Structures are given as structure tokens and as C-alpha cells.
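Tertiary structure, described
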Amino acid sequence: MTRNYIAYASGHYEDELPLSNSFVLHLPRLIRVLKRLFTMIPADIPGDSPIEEMIGYGFAGLFRRILVDNPYMWYPLTVPKVSFYRALHEKEPRARGRLSGLQIIVICAVSVFTYTIVPTYFMQTILVVSVLCWIWKDSVTAHQLGAGYNGLGLGSLAIEWDSAAAWVGNPLILPRFTIVNTLVGFVGITYVCIPVAYWMNLFDAKRFPIFAQESYDYSGNKYNVERVFGKDLEFNEQAYSEYSQLYMSIAYVFKLGFTFAALTGTLTYFLLFHGRESWQQLNQSIKSESKSSDIHNELMKKYEPIPWWWFYAIIVSMVGIGIVNCQFFGKEFQLPTWAFLLSLAIPFILILPLGIIEATTGTYLGLSVLADLIIGYLYPGRPITSDTFPSYVQSTKIHAITFLAEFKLGHYMKIPPRSMFLVQIFGSLLSSSVKLGTAWWALTTVENICDRDKLPKGSMWTCPGLQQSLTHTMIWGRVGPARMFRPGAYEGLYYFFLAGVAGPLAVWLAARAFPGKEWIRLINFPVIFTSASFLMPARPVHYWTFFAAAAAYHLVARRAARGWWARHVYDVSNGLDLGSAFFGVLLALSFGVSQIEGPKWWGRDFDEFCPLSLCPTAPGVVHKKCPVF
């Protein structure tokens, strides 16, 4: 988020930064922008900055009696953390010849740490093995079907733990019905919706790559936003009409549609399947908030509670700082005071219902799409606003509910509330400072950072999330939803909102009609829609690696030693994650900082060997290194 914002902000200066999808960061200009941004008093670049973090913490404090002290709010995703910390700190008795939980964590961490150097340093090509491209080297269709990163990923696989767990979910932790619903969503979007729409040429899909994050003009070239935006980044309606409508790849179109469906689908599912139950729990929470009907509440009574004024002070002071930022640095942020206050009101209103959802079911619902739609209609044509406003909304909500979940963890582990509060505040301030410092260092020391054309193959500084963020910002902030989804463009995507309502409603009606069929309730459309919307940044190769690891665990390992896995599955998962995380830190601090590359050979470069997967197939469309149909 920081890099994207810096890139857009640099457009205010005397040299105009090309903001097309062939995105190049010019280092001298970025240094000037960074110096201006980082010397703001107070500096606040939306994303994970102190303002939204602290406001989120303040909001969390106002709901802690309902969402923390209440025993019905148990946070299922926090329970594995309890298991992990106990394995680290408690002395576990073990039978002779058996391993303790801590020993299993260490063995798994060391093993994955040792292995990860192979795919990340010596042989990056095994991060995406695309078999079809190897067999049919000159076929555009085969490359489109088989490319694991820029295609539909048939027959693709990655031989690395991060590819299995970091993008879609942890295959060892998620229950089987969730994995099956994820499979349905992935197959539905990747092997039904995308290929059918592409070969029917819906939305002129054949003029563009089948699977890409960039935005395009009608001729199939990368969209040149300099033709429709001036140096002030204001939208030029006449230039837009004379140039071209903004187009997306068909994969990105359906990714956006399933994101719409996931939003309404999650809300509908919650209201139908958990609405009454959650309302009862809310009433019980309010009635028993001063009672200690829970053993954890009884044990936590010996600690001094957090004074209410601590939270009020955080909210008032941070809101004041945010208003000062909007008043004095409004040109940089393109965020007026009313929009800033609205970005705080949205999560404040929704923290309680969303907190109940996450605390009782573990279901996560983001607010980015809602925020994008609201600001896109209320304040269109301003690209930086499309980053700052959703960032405030989403980040405030995330930090509020994360803070509540951490308080629940402290509740389970019997940590004094005041200590938890102070540590969280200090950690957040430290984290924000480190992030901004790291961004400053990287942008001022890494040559050609984010410029994939100039960086060597396999470089860790290619900024893989940049293109999606740029396309997203162009859609919502520059062109605006009113133009993107007008009749004759992508107005059909709004029907996905209705599909999000229809899916859970059909399951609810079927479950009521056939109460004896328990499997009907396992059909979870929010999971189906959400898993489909994970596409970009997740790629098909990540999905297939996730499913392969899940099948190996649920169908083979768990059946072979059910008792052992029931006791130690969290330990194995935590160990694998730890080893991968430690290696990532080592890679960044050693090889990445020193720009040390691995041995020079064909397997070292990150390449799926599917160059034709990005080729358009519409007649007459010319693309470099592609056949003309």
C-alpha cells in the first residue's frame, strides 16, 4: 500500500510519473516524495499506519465486554495460538520413545527451513511446474490452459510449503468441508466461468490475455492513463471518450464478480444460519456483562481492568491527528475531512456484527469492496482517494477485531489486561515505524525496485502485488464505478450481488425442506465465493498445491495415524510455518539486501515456460512475441 501511494503522490510534482500498467518507479522522484511524506508532522500513510491502528484499538475497547468477556465469544481461530504457546512454555510429559509438541515444532521448522533454500535460491522453477507448457511448446491454447501463474493451471504444481499454505489457507488446519467448498469455488471460476466466457468472447475477452491483472485499451495494449489524467490526477472525461474504455482480462472480471458475491453471500449466510443465535448471544452478553459465569472471567478478576478513558483518549487524539492530516495534507491524500470521518464511521457501525461473526464462527468478511463502492460513487475520479479511504475502513476494522482477538488470547492465557494493552500499543507503534523505515530504505537503496523489466530474473524486489493494486485503483478511483459498470460496459457484474444472496438462501431453504440431510448444511456459499475471489494474487498453481497437500493429509496421513495427528497437527503446522517464516527473514536480510543471486542456470530463474499464455486470440490483435490470429 505504501509503495502504491508513493507512486501516485509523485504525480503532483514537476515530472509526471507514467501510471500505466507498464509501471516504472523512478527512484529520484520517489526519494523526494518520501522525504515530503515521511517528514509530515504527524506522518500517516494509510495502510498500517498509527492512526487507523490506534483508532481501531480504541473502538475495540468500547466493545470488549461483549466481544471478549462474554464466554460465548470464543474466537475459534485463536485456539490454535493457545496450543502453540503452551507447547513453547509448558513442560509436557511424554512417554518414552515419543516426541513432545515442542520437539515436533522444532523438527518441522528445521526441516522446512533447510529445504526452502532449494526453491527460493537454487531452483526457483519448481515454484511453478506447468506440465502442459512443456509438452506443447508452440500452442497458445495449451499455454493458456496449463500456465500455473498466467493461465488456468491445469497440471501445474509447486513444490514448496508456502505455495500450499500462504495463499489459499492452511491445508492442515482447515476442516474437510471447507476444503471441498474451496475446491468447488476454484473449479467453478477457473474451469467453468473463465473458459466459457473467454471462448464466447464476452466483454471482448479474446482481445486480452485470459489471466492477467493489468488493465487494457480496446486495441489490446496496456492502458495508457496519461491520456486521460493530467498532472493533478484529475479525470478528463473527453480524453477518456476519445481514447478507450478501460478493459480487464476475463479472469479479473470474474474475480471482481465473485468478490461482490462473497460480500452479500457472507451477510446473507450469517443472517439465515447464525442471525437468531447471534442475537440471543448478544442479549445474553449484555445481560451478563457484569457477571462472572465463566471460569476465565473468575480468574481474570484478580487483575486491574483497563480504564475506559484510555480508549476514549486514543480515539479523540487519533481522530484529531487525522483531521489535521486532511486539512494540511489534503492534496497528497485526496481525502477530505468528511471522507475521513465516514471511513471511521463505517467500521465503528459494523465492528459489533462482524466481531460476533468472527468470534463465534471464524468467518472473515472484509469491507474493502463496500468502501470502494461508497467512495467511488461519492468522490469519483480521484485515484489516491480509492487507496486512502478503503485503507482507513479496512485497516480500522481489522485492527479493532484483531485487538479483541488478542485480548481473548490474553483471557485464555491469564495475562493482565493492562499489560496486554500496553504491549499491543507499543508493538503497533514499533511496527509502524519499522514498516515506514523499511520502505524508505528499500526505495532509496534497491536499484530499479518494482521495475520487472530491469530487475534480474528471480529478484525478490519485483513487487508482485503492485499490478493488482494499480488495476484496482484505476477501476474504483480514476474511472469510477459509475463509468466502469454502466450499460454496455461491465454492468452485468452487479448481478453477482444477487447471486451472493441467492446461493445461501437456496441452501437454507433446502436445509429446512430436508432437515434429515445434514450434508446440505455443509454447502457453504460464502466459502465458495470467497475462495473464488482469492484469484489474483493467488494463482491456480497455489490452489492445486493447496489441494495436493490437503489430500495428502486428510486422505493418507490422517487415516494412517489418526491418533497422532489429532494430538500434533497444530504442532506440525506451526513448525512448518515457523521454518518458512524464519527463512524468509534470512533471505531478505542476507541474499536480498546484498543482491546475491543463485547459480546461473535455466532452473534458477522463476519461469513457468509458458510465454504464449499472455497472448490474445482475437483476429487482428498484435502482441509482441505472439502469433496473429
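For clarity, every value in this text was computed on a predicted model and none was experimentally measured.

Counting its secondary structure elements, the chain contains 25 helices and four strands. Scored against the burial criterion, the 629 residues of the chain give a buried share of 52%. Sequence separation of at least 24 residues holds for 77% of the intrachain contacts in the chain that already meet a minimum separation of 6. Approximately 28200 Å² of the chain is accessible, and the part contributed by carbon and sulfur atoms is 65%.

Throughout the structure, instances matching the rule amount to two disulfides. What pairs with Cys 133 in a disulfide is Cys 610, and their sulfur atoms sit 1.9 Å apart. Between Cys 133 and Cys 610, the disulfide has an S-S torsion of 110 degrees and is therefore right-handed. Note that Cys 133 is positioned in helix α7 (residues 131–135) and Cys 610 in the segment after α25 (562–594), a separation of 477 residues in sequence. The two residues Cys 133 and Cys 610 agree in class, both being buried.

Here the structure, examined in full by the defined rule, presents two salt bridges. In this structure, the salt-bridge partner of Glu 237 is Arg 483, at a minimum N-O distance of 2.7 Å. Here Glu 237 is found in helix α11 (residues 237–243), whereas its partner Arg 483 is found in helix α21 (residues 481–484), with 246 residues between them in sequence. Glu 237 sits in the partly exposed class, given a relative accessible area of 39%.

A few words on unusual backbone geometry. The phi torsion at Asn 201 lies on the positive side, around 60 degrees, for a residue other than glycine. Its place among the elements puts Asn 201 in the loop between α10 (176–199) and β3 (215–216). Classification of Asn 201 by relative accessible area gives partly exposed; the value is 32%.

We now examine the nonpolar core. In this structure, Leu 67, Ile 194, Ile 250, Phe 260, Phe 340, Phe 421 and Tyr 490 are the most contacted members of the largest nonpolar core, which totals 104 residues. Among the elements that make up this core, the one with the highest residue count is helix α12 (residues 250–287) (twelve residues). Ignoring any residue separated from it by four or fewer positions in sequence, one finds Ile 250 in contact with Ile 194, Ala 197, Tyr 198, Leu 202, Phe 203, Ala 205, Pro 209 and Ile 210. In this structure, Ala 165, Leu 172, Tyr 553 and Val 572 belong to the second largest nonpolar core, which totals twelve residues.

Turning next to the confidence of the model for the chain. Looking at the chain, pLDDT values average 79 and 83% of them are 70 or higher. Mean pLDDT across the elements of the chain bottoms out in helix α1 (residues 2–9) (33) and peaks in helix α22 (residues 495–513) (94).

To continue, consider the packing of helix α5 (residues 79–89) against helix α6 (residues 101–122). Relative placement of two packed helices is described by the angle separating their axes and the distance separating the axes. Across the interface, α5 lies against α6 with an axial gap of 8 Å and an inter-helix angle of 100 degrees. Between α5 and α6, the angle falls in the class roughly perpendicular. Facing Phe 84, Ala 87 and Leu 88 of α5, the residues of α6 in contact are Gly 101, Leu 102 and Ile 105. Considering only residue class, the contact of α5 with α6 consists of five nonpolar, one polar and no charged.

What follows is about the environment of Ala 548. Mapped onto the elements, Ala 548 comes out in helix α24 (residues 540–560). For Ala 548, a relative accessible area of 39% puts it in the partly exposed group. Expressed as a C-alpha distance, the spacing of Ala 548 and Leu 157, which sit 391 residues apart in the sequence, is 8.6 Å.

The next thing to look at is the packing of α22 against helix α23 (residues 525–533). Between α22 and α23, whose axes approach to 9 Å, the crossing angle comes to 145 degrees. For the pair formed by α22 and α23, the contact residues are Ala 499, Gly 500, Gly 503, Pro 504 and Val 507 on the first element and Phe 525, Pro 526 and Phe 529 on the second. For the contact of α22 with α23, the per-class residue count stands at six nonpolar, two polar and no charged.

This part covers the side chain of Asp 571. Mapped onto the elements of the fold, Asp 571 is located in helix α25. Buried within the structure, Asp 571 lacks any salt-bridge partner; its nearest side chain of opposite charge belongs to Arg 567, at an N-O separation of 8.2 Å. The contacts of Asp 571, once residues within four sequence positions are left out, are Ala 87, Gly 101, Ile 104 and Ile 105.

This part covers the environment of Trp 309. Along the chain, Trp 309 turns up in helix α14 (residues 308–328). In this structure Trp 309 comes out as exposed when scored by relative accessible area, which is 58%. For the pair formed by Trp 309 and Gly 61, sequence separation is 248 residues and the distance between their alpha carbons is 9.9 Å.

A word on α23. One turn of an α-helix holds 3.6 residues; hence residues three or four places apart share an orientation. Burial in α23 covers these residues: Pro 526, Ile 528, Phe 529, Ser 531, Ala 532 and Ser 533. The backbone nitrogen of Val 527 lies 3.1 Å from a side-chain oxygen of the residue at the head of α23, namely Asn 524.

This part covers a nonpolar patch on the surface. A cluster of nonpolar side chains, namely Leu 183, Val 187, Val 192, Val 196, Met 200 and Leu 202, defines an oily patch on the protein surface of about 470 Å² accessible area. By the element assignment, Val 187 lies in helix α10. The class of Val 187 is partly exposed, set by a relative accessible area of 31%.

Before going further, it helps to spend a moment on the packing of aromatic side chains. This model, assessed by the stated rule, comprises 38 aromatic pairs. When the centroid spacing of 6.0 Å and the interplanar angle of 70 degrees are considered together, the rings of Phe 260 and Phe 485 count as edge-to-face. Of the two residues, Phe 260 is situated in helix α12 and Phe 485 in the loop between α21 and α22; the sequence distance between them amounts to 225 residues. Phe 260 sits in the buried class, given a relative accessible area of 0%. A relative accessible area of 4% places Phe 485 in the buried class. Grouping aromatic residues by their ring pairs yields a cluster made of Tyr 57, Trp 309, Trp 310, Phe 311, Phe 403, Phe 407 and Phe 421. Sitting over the face of the ring of Tyr 218, Arg 207 holds its NZ or CZ atom 4.0 Å from the ring centroid.

Cut-off values and rules
Residues numbered from 1 in each chain as written. Predicted model: local features only at pLDDT ≥ 70, side-chain atom pairs only at ≥ 80, totals over all residues. Heavy atoms only, no water. Helix = DSSP H or I, 4+ residues; strand = E, 2+ residues; numbered from the N terminus. Buried < 20%, exposed > 50% of the residue type's maximum accessible area, 1.4 Å probe, protein only. Contact = heavy atoms within 4.5 Å. Areas by Shrake-Rupley, 256 points an atom, 1.4 Å probe, with all protein chains shown as cover. Disulfide = S-S within 2.5 Å. Salt bridge = Lys/Arg side-chain N within 4 Å of Asp/Glu carboxyl O. Core = buried A, V, L, I, M, F, W, Y, C linked by side-chain atoms within 4.5 Å. pLDDT = per-residue confidence, 0-100. Axes fitted to C-alpha atoms, helices over the stretch in contact; angles between N-to-C directions. Parallel < 35°, antiparallel > 145°, perpendicular 65-115°, else oblique. Nonpolar A, V, L, I, M, F, W, Y, C, P; charged D, E, K, R; others polar. Lys, Arg positive; Asp, Glu negative; His and termini not counted. Polar contact = N/O pair within 3.5 Å; in protein donor to acceptor, adjacent residues only side chain to side chain. Patch = residues over 30% accessible without salt bridge, like charges linked within 9 Å, V, L, I, M, F, W, Y side chains within 5 Å. Phe/Tyr/Trp six-rings, centres within 6.5 Å; stacked < 30°, edge-to-face > 60°. Lys NZ or Arg CZ within 6 Å of the ring centre and 35° of its normal.

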